[in-house]
2 protein chains.
Amino acid sequence: MQIPKGLEPMTPSTADALAAERSKSVFDVQEMNRFIVDDKMRTKIAKVEKVMAAEPEIFDVHNVYFMSRTEKMDHALKIGKRLIELMKAGAISADEISIADLVLDINGPFGLHRTMFIPTLENQGTAEQQERFLKPAQNYEILGCYAQTEIGHGSNVQGLETTCTFVPETDEFEVHMPNLRACKWWIGSLGVTATHAMVMAQLIVGGKSYGPNPVVVPIRSTADHMPLPGVTVGDLGPKFGFNTMDNGFLMLDRVRVPRSNLLQRYINVSREGRVTRPANVDPKVAYGTMVYVRTQIVSNMSQVLAKATTVAIRYTSMRRQFAGKADKPTERGAESPVLDYGMVQYRLIPLLAQNYAMFATSQAFSQHYTECMAELGRGNFGPLKELHATACGLKRWTSDAAIRGIDTCRHACGGHGFSQFSGLNEFYGNQYPNIIWEGDNYLLTQQTVRFLLKQIHALRAGKEVASNQTTQYLRRHLTAGRMAMVPPPQFVGRSIEALAQDPDAQLELLSFRAAAMASDLADQMEGGQTWNRSLVAMQRLCDAHSDYIVASYFRRHLSTLPAGSPLLPTLNKLASLLFLYVLEQHSSDLFRLPGRAAFSTAQVAEVERLLAEIIEDVREQAVPLVDAFGVSDMRLNSALARSDGKVYENYLQWAMEDPLNKDGSGPAIRKEWFKKYYEPVLHAADSKKLAKL
Amino acid sequence: MQIPKGLEPMTPSTADALAAERSKSVFDVQEMNRFIVDDKMRTKIAKVEKVMAAEPEIFDVHNVYFMSRTEKMDHALKIGKRLIELMKAGAISADEISIADLVLDINGPFGLHRTMFIPTLENQGTAEQQERFLKPAQNYEILGCYAQTEIGHGSNVQGLETTCTFVPETDEFEVHMPNLRACKWWIGSLGVTATHAMVMAQLIVGGKSYGPNPVVVPIRSTADHMPLPGVTVGDLGPKFGFNTMDNGFLMLDRVRVPRSNLLQRYINVSREGRVTRPANVDPKVAYGTMVYVRTQIVSNMSQVLAKATTVAIRYTSMRRQFAGKADKPTERGAESPVLDYGMVQYRLIPLLAQNYAMFATSQAFSQHYTECMAELGRGNFGPLKELHATACGLKRWTSDAAIRGIDTCRHACGGHGFSQFSGLNEFYGNQYPNIIWEGDNYLLTQQTVRFLLKQIHALRAGKEVASNQTTQYLRRHLTAGRMAMVPPPQFVGRSIEALAQDPDAQLELLSFRAAAMASDLADQMEGGQTWNRSLVAMQRLCDAHSDYIVASYFRRHLSTLPAGSPLLPTLNKLASLLFLYVLEQHSSDLFRLPGRAAFSTAQVAEVERLLAEIIEDVREQAVPLVDAFGVSDMRLNSALARSDGKVYENYLQWAMEDPLNKDGSGPAIRKEWFKKYYEPVLHAADSKKLAKL
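Residues numbered from 1 in each chain as written. Chains lettered and ligands numbered in written order. Predicted model: local features only at pLDDT ≥ 70, side-chain atom pairs only at ≥ 80, totals over all residues. Heavy atoms only, no water.

*Asks:* So what's going on with the sheet that holds strand β8 (residues 248–252) of chain B? Residues and values would help.
*Replies:* Strand pairs in the sheet, formed through backbone hydrogen bonds, run parallel or antiparallel to each other. All names here are of chain B. Read across the sheet, 3 strands follow the order β4-β8-β7 without closing on themselves; strand pairing throughout is antiparallel. Every other strand in the sheet has two partners, leaving β4 (184–187) and β7 (231–235) as the edge strands with one partner each. Geometrically, the sheet is characterised by an average inter-axis angle of 15° between neighbouring strands, direction not taken into account. (Pairing = 2+ DSSP bridges. Helix = DSSP H or I, 4+ residues; strand = E, 2+ residues; numbered from the N terminus. Axes fitted to C-alpha atoms, helices over the stretch in contact; angles between N-to-C directions.)

*Asks:* Could you give an account of the interface of chain B and chain A, with specific residues and numbers?
*Replies:* Across the boundary between the two partners, chain B contributes 147 residues, which contact 147 residues of chain A. Between chain B and chain A, the buried area comes to about 12700 Å², and carbon and sulfur atoms account for 63% of it. In this assembly, chain B and chain A are joined by 10 salt bridges. Between B:Arg533 and A:Glu616 there is a salt bridge, and its shortest N-O distance comes to 2.9 Å. At the surface where chain B touches chain A, the tally comes to 68 residue pairs in polar contact (both at pLDDT 80 or more). The dominant element in the side of chain B that touches chain A, judged by the number of residues it contributes, is helix α25 (residues 665–682) of chain B, at 12 residues. Classifying every residue of the side of chain B that touches chain A by side-chain character gives 71 nonpolar, 38 polar and 38 charged. (Contact = heavy atoms within 4.5 Å. Buried area = accessible area lost by both parts, 1.4 Å probe. Salt bridge = Lys/Arg side-chain N within 4 Å of Asp/Glu carboxyl O. Polar contact = N/O pair within 3.5 Å; in protein donor to acceptor, adjacent residues only side chain to side chain. Nonpolar A, V, L, I, M, F, W, Y, C, P; charged D, E, K, R; others polar.)

*Asks:* An account of the nonpolar core is requested, with residue identities and associated values reported.
*Replies:* Among the nonpolar cores identified, the biggest contains 454 residues, and A:Tyr356 and B:Tyr356 are the most heavily contacted of them. Beyond its immediate sequence surroundings of up to four residues, B:Tyr356 is in contact with B:Met32, B:Ile36, B:Phe554, B:Leu571, B:Leu574, B:Leu625, B:Ala628 and B:Phe629. (Core = buried A, V, L, I, M, F, W, Y, C linked by side-chain atoms within 4.5 Å. Buried < 20%, exposed > 50% of the residue type's maximum accessible area, 1.4 Å probe, protein only.)

*Asks:* I'd like a rundown of the UniProt feature "active site" (unreviewed entry) in chain A, residues and numbers included.
*Replies:* All names here are of chain A. According to UniProt, the "active site" (unreviewed entry) feature falls on Glu438. As for its position among the elements, Glu438 is in the loop between α13 (424–431) and α14 (441–460). The partly exposed category is assigned to Glu438, whose relative accessible area is 30%. Residues contacting Glu438, with those up to four places away along its chain left out, are Val293, Arg294, Ile297, Lys395 and Leu444. (UniProt positions renumbered as here; feature names shortened; annotations may be inferred.)

*Asks:* Lay out the pairing of strand β2 (residues 163–167) of chain A with the relevant residues and their values.
*Replies:* Residues and elements named next belong to chain A. Burial analysis of β2 places 4 of its 5 residues in the buried class, the great majority of the element. Bridging between β2 and strand β3 (residues 172–176) involves 5 bridges; their strand directions are antiparallel. Paired with Cys164 across the two strands is Val175, which belongs to β3. Connecting the antiparallel pair β2 and β3 is a turn made up of 4 residues, with Asp171 showing a positive phi of about 60°. Looking at chain direction, β2 and strand β5 (residues 196–205) are connected through 3 bridges and run parallel. Bridged to Thr165 within β5 is Ile204.

*Asks:* Describe the UniProt feature "domain: Acyl-CoA oxidase/dehydrogenase middle" (unreviewed entry) in chain A, naming the residues involved and giving the relevant values.
*Replies:* Taken from the UniProt record, the annotation "domain: Acyl-CoA oxidase/dehydrogenase middle" (unreviewed entry) applies to residues 145–255 of chain A. Spanning residues 145–255 of chain A, this segment combines 0% helix with 44% strand, and its end C-alpha atoms are found 17 Å apart.

*Asks:* Please provide a residue-by-residue account of the packing of helix α10 (residues 342–377) of chain A against helix α18 (residues 535–558) of chain B, values included.
*Replies:* Packed helix pairs are specified by the crossing angle of their axes together with the interaxial distance, meaning the distance between the axes. Closest axis-to-axis distance for the α10(A)/α18(B) pair is 7 Å, and the angle between their directions is 90°. Classified by the angle their axes make, α10(A) and α18(B) are roughly perpendicular. For the pair α10(A) and α18(B), contact is made by A:Gly342, A:Met343 and A:Tyr346 and by B:Leu535, B:Val536, B:Gln539 and B:Arg540, respectively. Taken together, the residues of the contact of α10(A) with α18(B) sort by class into 4 nonpolar, 2 polar and 1 charged. (Parallel < 35°, antiparallel > 145°, perpendicular 65-115°, else oblique.)

*Asks:* Run through the relation of the copies chain B and chain A, naming residues and quoting values.
*Replies:* Each copy superposes on the other: chain B lies on chain A with an RMSD of 0.0 Å after a rotation of 180° and an axial shift of 0.0 Å. With respect to symmetry, the two chain copies, as superposed, fit the operation of a two-fold axis. (Least-squares fit on C-alpha atoms with pLDDT ≥ 70 in both.)

*Asks:* Explain the packing of aromatic side chains to me, and be specific about the residues and the numbers.
*Replies:* Taken as a whole, this structure holds 50 aromatic pairs over all chains when the rule is applied. Aromatic side chains A:Phe110 and B:Tyr678 sit 6.0 Å apart centroid to centroid with 65° between the ring planes, which places their arrangement in the edge-to-face category. Placement of the pair is A:Phe110 in the loop between α6 (97–104) and α7 (111–124) and B:Tyr678 in helix α25, with the two residues belonging to separate chains. Overall, the relative accessible area of 1% leaves A:Phe110 in the buried class. (Phe/Tyr/Trp six-rings, centres within 6.5 Å; stacked < 30°, edge-to-face > 60°.)

*Asks:* Describe in detail the side chain of B:His368, supporting the description with residues and values.
*Replies:* All names here are of chain B. One can find His368 in helix α10 (residues 342–377). Classification of His368 by relative accessible area gives buried; the value is 16%. Not counting residues within four places of it along the chain, the set of residues in contact with His368 comprises Glu386, Leu387, Gln469 and Tyr553.

*Asks:* How would you sum up the sheet that holds strand β7 (residues 231–235) of chain A? Please name residues and give values.
*Replies:* All names here are of chain A. The 3 strands lie next to each other as β4-β8-β7, forming an open sheet whose pairing is antiparallel. At either margin of the open sheet sits one strand with a lone partner, and together these are β4 (184–187) and β7. On average, each strand axis in the sheet is inclined to that of its neighbour by 15°, with strand direction left out of account. Taken together, the 5 bridges between β7 and strand β8 (residues 248–252) define a ladder with antiparallel strand orientation. For Val233, the partnering residue across the bridge sits in β8 and is Leu250.

And the structure:
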């Protein structure tokens, strides 16, 4: 199949349109890239992309959109095996493999072995256990997974029903699932891959339960991969995305393992059945790991959203529809770029500001995390709770922004966004779990809000609270934990225009909003409102708190630039845009601010007017701003937004590669369908007459 | 593969939980079903489901989740062929075939032939053309598609670049795509199926352009389905959903067709090249068709959302997580149903109210449509514009609610919502185009708002406006098209509790909000704000108008019940719930109502409190309320929510049927992967030592 020859060129061409957008840049794109994307991340991505570009027969996944589930798994295994070889050969490091997942958007079946099985052994195994399990795991002589979630138990880990019962007679544990609800489910790398499962099970010794603990259970033979006796294991079937991963299920029917398979660093069961917990290990350290995982999600979400905004901003700057309706002149006879329309700008440009905020926040928060961990290392567990609360809020804020953002970008690409070749749909499905795992975004808010409420109760009770970024604003805006009578002068009575140019005032307003909402919720709960009835208000409070935290980290990262940096004018605009967007999206909160702080209708209208202006302004830099994310064509994997700007040419080319079209498979399938389906329908009556039409 | 024998029963079981929910019903579910679901629709669905249930070898599609794109197409063709046979045999009618698409969630490749190709011939073909094309089309001796959209032109139909040029020498038209941007794209039933395309092309006669007109172009041989000379045609590849349809692309390279292939009912080109438009046909009739299509979407969206709410409400009433945190006692030792948690209720119960409103609106609006069409038949085109504006608003409102609703339902099902077996993901992708096609939801608002603004400008200019549901409220709330000084007493100064029980006051408040926003936007545009700058405000105005229209149709349908109907207490609660939900979601609009109508902080807090109460109240009837939608297990196609309530049993059963697990394919694939990928990784070092582990 070939495009007809002799077609006229398209004028103006999409490639020219993209070049024109780039020529408008008021900053150096490379310099912006070096500032906004974390150094280490950028270096790793570049290295991994180079290694993969050298072996397109393995790493070129542009045809992933044509693959069935089984073909996807097959390709992911091929890639996974090659990455292990490259790692053993020293071409890439173990943690660079996760970068490969990010670049290719393919989460391979060896992933959980590295990210969950091995770290659990490192953190919770004794030296003897590390010798027995960790070393072979590091050599890939055994393949592991982490089996916690059950088909009937997700969020409520304490409610797990799998048991691990000590059998003193044989010095073993019997691991058992008493009913179907205890069936392990969703376990990554379990469906096809794992030879060993780290099973979270209720530890029972001498009839007494000690809560969920991890035990290593061999499930498949390393010799032939067949399930071991008592083990029923399989893949749990197709999912909305993430289909390169073999999420699996596992039923264990009274499977015995040696006593020494229970990880014993935090709990010890002796030969006699005595249960002890070593005194020299503080289990709070485990909190640090949870926070770390969420820190990683925050960082990943900036990269995830960057792919989507790059596709949508580039495409809508090249796509044209209707002439003369977008308040801007175009080339003679040309239609307007759809990014010039107010409604497209309103949907995409604030996403760009969020995306910059996320990159900046990720770097600033990561530094805060490192500082807290250093404190922990010195035995000071003080900062842990605030760190945990903030990490929960940021995980929710960033993953919500990223997942909704991909969806918004897809819709902004119109019909073509619906094609798999846009790159946004497969991506959406693959990234979607980020709002569910590591604490569902709706549940997670309770972690953040519980911390906020505790601080307020402490302040109200006149107790000491530790000083951190949260308590600092609560103390500043509240008097003994209650709303102060005099609202902060930094923003009250000032014009929105003045606020839009004053970062400190912006932070005061955002933190005041959060403090007021926190105090209000505390009042209501003191008045008898139950926790369950307060859940909706908690979502809003968590978002208000996180809006402040994000704005504050964004500004903190900008403050690391020298005062005269040529990047600052654009970055300050983005920060102000995000501020105004938060106000506009939550104008109801502003009307409700207490006392003189409450916004008037005129002020909210002014927010909307200024937001529209700054959106139009930033739109001019939109293409350079996404170019600065540095997302390669390999990573975009999108026909609509390749850096060469050849939208329609690439799109049609990919369509022609579809199995239904391409030489070989195409004609064969069509011939078969004609015989089976079309011919009997078309020729049910008299075929001769119709052949003439 | 088998579930281990001897498992304990799960207590309390999910099936028991569902039965308990059903036993709480305060109304007769069958009676509610007969009231809320349109009679004709219900009857057709029942008939089609019965016909299909008799042939499971063709119509059982529960394994669709395992299929590749090509397998899906194959299965859709098998179904499509069988439906044509059943229709020819008189078992079902032509329009019942679209019901089959709805029930199976499979849009087959013969669909556009019926819904676009044939109607276009009926409406725009002359008697002679109907003889030549319509009759064979009705007999399926030719297969058609409707080729309007081009790769470079979607919304802007006037900008299409395909040409249809009269060639007087041979009395033919030459249909041609001059450049790649003119390539027809997204055309349903074109990728593999169609033998004929109804091509929308710029009609050019004697060098003069007459705008887009439809011309019939044979593209594939009916004898062997091979593309005809000058035709490049293919499938446009995988999509986010709708993969049972062969959306295709088409390039025509100076293809000649007889002059009589141009549909000539609205435009005529004579042998001499004279172009005339018949006087006896009013092109406004075509508007009626557009409105009709949108009426159908409104009706479909109620059914679409019903499937999603049925899955989510049933599942969350059976799924349990955490004990004693949901303010309600449970059986001893049992966890709480997740539907008892405030945040789950807040997400799902308002959807249920929206869903009821959509079913009711669809019926009431359909009646309004029929009345307007009768007027049209009498030559009165007066009601057409308001009908069109309302239809655009309702298409946006209902498809937005349905698509967001499916997404909300999926997320409310937690991790299991992410499994294809939830039924919500494939469904989401298949239904997603409803927010894009027949006018993208963001563009469509302009149709509604343009009408509203015209009425206001007319009122301000002191001109006559036709009386209809829109102008009635504009006149009631505005004085000569401007905000009246005295806000309506029906709601001003009254408690929210009183409003929540007063349907008339609710409609007054909702229409006042829309009128105030319309007047405000008109003021701004008179003050010089451009159309492009007004687009964001237009979205909000369109939603406000539609919120009123939906509430008004909802109440209108309820008013058809006798006063003492046992259904009314529940239905009135749903209508009040929707009212409070609209207020709560748009509280910023309430703060901004003009003058004394503006809400206070206390009033908005009262809205929130009452909404939470009514949500908790309606939650008790949630399962009977979704049962009343009458969605069969066949249509749900969900392991999580079958009417038998056996959630985990069904879910695991389906997983075991996955090609990676089931006897035959499962072991074969696993063996191959072990040899290719796992063995080389596991046994890279010394395999003997590890086999012992």
